[in-house]
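A structural walkthrough
Given next are the chains, with one letter for each unit.
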Amino acid sequence: MGRFWKKGELTFEVLIPWLIGIGVLILMIALYFILNGKGVSAADYFKNLWRFGK
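Worth saying up front: this structure is predicted, and the values here are computed from it rather than measured. (Residues numbered from 1 in each chain as written. Predicted model: local features only at pLDDT ≥ 70, side-chain atom pairs only at ≥ 80, totals over all residues. Heavy atoms only, no water.)

**With respect to the overall build of the protein**
Which entries qualify depends on this criterion: For helices the rule is a DSSP run of H or I covering at least 4 residues; for strands it is a run of E covering at least 2, with both sets numbered from the N terminus onward. Classification of residues uses two cut-offs on accessible area relative to the type maximum, computed with a 1.4 Å probe and protein chains only: under 20% is buried, over 50% is exposed, and between them is partly exposed. Reported accessibility uses the Shrake-Rupley method at a 1.4 Å probe radius. Residues are deemed covered only where the shown protein chains occlude them.
Across its full length, the protein holds two helices and zero strands. In the protein, buried positions account for 7% of the 54 residues. Counting every atom, the protein has about 5400 Å² of accessible surface; 73% of that belongs to carbon and sulfur.

**Comments concerning helix α1 (residues 12-35)**
Defined as follows: Take the number of residues in a helix, subtract one, and multiply by 1.5 Å to get its expected span.
Taking 1.5 Å of rise per residue, the 24 residues of α1 would be expected to cover 34 Å, and the 34 Å separating its terminal C-alpha atoms lies within 8% of that figure. Where α1 terminates, the next one or two residues include Gly37, which has phi positive at roughly 80 degrees.

**Describing the environment of Ala43**
With respect to the helices and strands, the residue Ala43 is situated in helix α2 (residues 39-49). Owing to a relative accessible area of 45%, Ala43 belongs among the partly exposed residues under this scheme. Expressed as a C-alpha distance, the spacing of Ala43 and Phe33, which sit 10 residues apart in the sequence, is 9.2 Å.

Here it is in structure tokens:
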């Protein structure tokens, strides 16, 4: 990570830690809803978002 990159270049040295971090964050949020018993209502909410008024 100590080298200089061209403008717009993104290497796996930078991309992979970000992807892992975002994945862990999403997993922690999902586990929070499931363990609090609000997972069913949260799942219904997101399911209804994708229905687009049907």
